[in-house]
Amino acid sequence: NSYIALIGCSAQLKPDELISLDGVNMVIGAEEKFNLLTHLDKIKIKNNEKILLNNNIKNVTSFNPSVSYNDRTRSFLKVQDGCDYHCTFCTIPKARGKSRSGSIDKILQIAEKIAKTDTKEIVLTGVNIGDFGVETEESFLDLIKKMDMLNGIDRIRISSIEPNLLSDEIIKFCSQSEKFMPHFHIPLQSGSDKILRSMRRRYSALEFSSRIKKIKKLIPDACIGVDVIVGFPTETNADFIKTYDLINQLDISYLHVFTYSERVNTKAINLKPIVPINERAKRSKRLHDLSEKKRSSF
């Protein structure tokens with residue numbers, strides 16, 4: 001007899017499919033999900049009425065900050081949402097909308113509240129956090145400089161950040177900070193420039209490599225995690241070997257390996273030839289083994 005509401009990315013991408021499921025009473029898209037409690041207060045449960053609240057993602061322009069509490073010693077603080085990159089394998093722009101963020105002043109107000117709790121570490125999160133302030137005169141570098149002055153918090157960590165947005169200035173600042181952790185998580189996705197172009201990524205393998213080497217030069221003991229996708233359409237064995245060799249030679253700490261999977265409403269789903277599932281699995285296994293090798297030597 002529970003009242004069931006579905007919210008989140010899938011609710012934005014597949015509202016009609018989800019609302020048709022037995023037992024689902026409400027589906028709420030990206031704009032209205034933050035108003036869930038308000039919508040629940042207004043409903044009248046009768047005759048199994050179904051409610052669908054889903055706006056065109058192009059009209060989703062507001063930023064709603066959020067923060068996690070009671071995560072032992074760590075708190076996650078969302079400073080940015082949405083993405084303007086439109087990579088060919090990704091549906092996030094269709095699910096989360098354009099890149100947007102809160103002002104530094106508002107983010108700091110939330111951070112100061114966190115600092116008054118028992119939390120000792122703040123993790124800065126977002127869909128594409130390096131794009132913080134893209135619609136204003138502020139920048140991610142401006143934000144972390146202000147966060148570094150926060151009293152009551154011992155550690156601050158940057159979550160995943162695009163290599164083309166991880167500037168020398170950000171790396172240098174983190175190397176000199178006592179609060180910012182020597183930890184970076186940077187998506188590579190592929191070590192083949194051909195595949196990177198097909199994915200519509202905004203950097204080359206050489207540029208990615210330069211980011212890793214810059215970090216290690218300034219912060220020798222830095223922990224560096226890397227995202228990589230195997231089995232992207234048109235990826236040949238030679239392309240995969242370029243990825244493997246690039247990762248193998250770089251001083252990184254661990255991998256997050258993703259086996260490519262088809263997503264509707266993406267450009268990549270129409271690319272040919274596709275990589276057979278069994279070949280994707282083999283390549284994934286090789287990178288998982290490489291990740292373990294990196295972990296053990298870190």
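Now for a look at the structure at hand. (Residues numbered from 1 in each chain as written. Predicted model: local features only at pLDDT ≥ 70, side-chain atom pairs only at ≥ 80, totals over all residues. Heavy atoms only, no water.)

1. Some details on the packing of helix α10 (residues 237-249) against helix α11 (residues 277-297)
One can describe the packing of α10 onto α11 by two numbers: an axis separation of 11 Å at closest approach and a directional angle of 10°. The orientation of α10 with respect to α11, classified from their angle, is roughly parallel. Along the contact surface, α10 presents Asn237, Phe240, Ile241, Tyr244, Ile247, Asn248 and Gln249, while α11 presents Glu279, Arg283, Arg286, Leu287, Leu290, Lys293 and Lys294. Partitioned by chemical class, the residues of the contact of α10 with α11 number six nonpolar, three polar and five charged. (Axes fitted to C-alpha atoms, helices over the stretch in contact; angles between N-to-C directions. Helix = DSSP H or I, 4+ residues; strand = E, 2+ residues; numbered from the N terminus. Parallel < 35°, antiparallel > 145°, perpendicular 65-115°, else oblique. Contact = heavy atoms within 4.5 Å. Nonpolar A, V, L, I, M, F, W, Y, C, P; charged D, E, K, R; others polar.)

2. What to know about the pairing of strand β8 (residues 121-125)
The side chains of a regular strand alternate, residue by residue, between the two faces of the sheet. Among the five residues in β8, five count as buried, and that is most of the element. Of the two faces of β8, the one carrying Glu121, Val123 and Thr125 and the one carrying Ile122 and Leu124 are both buried. Across four bridges, the pairing between β8 and strand β9 (residues 155-158) is parallel. Bridged to Val123 within β9 is Arg157. Running through helix α6 (residues 140-147), the crossover from β8 to the neighbouring parallel element β9 is right-handed. (Buried < 20%, exposed > 50% of the residue type's maximum accessible area, 1.4 Å probe, protein only. Pairing = 2+ DSSP bridges. Right-handed = clockwise from strand over helix to strand, strands pointing away.)

3. Description of the side chain of Ser68
Tracing the backbone shows Ser68 in the loop between β4 (66-67) and β5 (74-78). For Ser68, a relative accessible area of 19% corresponds to the buried category. A distance of 2.8 Å separates a polar atom in the side chain of Ser68 from the backbone nitrogen of Phe76. Ignoring any residue separated from it by four or fewer positions in sequence, one finds Ser68 in contact with Ser75 and Phe76. (Polar contact = N/O pair within 3.5 Å; in protein donor to acceptor, adjacent residues only side chain to side chain.)

4. What to know about the pattern of salt bridges
Taken as a whole and judged by the stated rule, the model has 15 salt bridges. A salt bridge links Lys194 to Asp239; the nearest nitrogen and oxygen atoms lie 2.7 Å apart. On the criterion of sequence distance, the pair formed by Lys194 in helix α8 (residues 193-199) and Asp239 in helix α10 is long-range, its members being 45 residues apart. The class for Asp239 is buried, based on a relative accessible area of 4%. In this structure, Lys285 engages Asp289 in a salt bridge whose closest nitrogen and oxygen atoms are separated by 2.8 Å. One end of the pair is Lys285 and the other is Asp289, both in helix α11 and four residues apart, which spans about a single turn. The class for Asp289 is partly exposed, based on a relative accessible area of 41%. (Salt bridge = Lys/Arg side-chain N within 4 Å of Asp/Glu carboxyl O.)

5. Digging into the pairing of strand β10 (residues 183-189)
A large share of β10 lies buried, amounting to seven of its seven residues. Both faces of β10 are covered, namely the face carrying His183, His185, Pro187 and Gln189 and the face carrying Phe184, Ile186 and Leu188. With six bridges joining them, β10 and strand β11 (residues 223-230) adopt parallel strand pairing. The residue of β11 that forms the bridge with His183 is Cys223.

6. Some remarks on unusual backbone geometry
The step from Lys272 to Pro273 runs through a cis peptide bond, and the omega angle for that step is 0°. Despite not being glycine, Arg200 shows a phi value in the positive range, around 65°. With respect to the helices and strands, Arg200 occurs in the loop between α8 and α9 (205-218). One non-glycine residue, Thr234, adopts positive backbone phi at about 80°.

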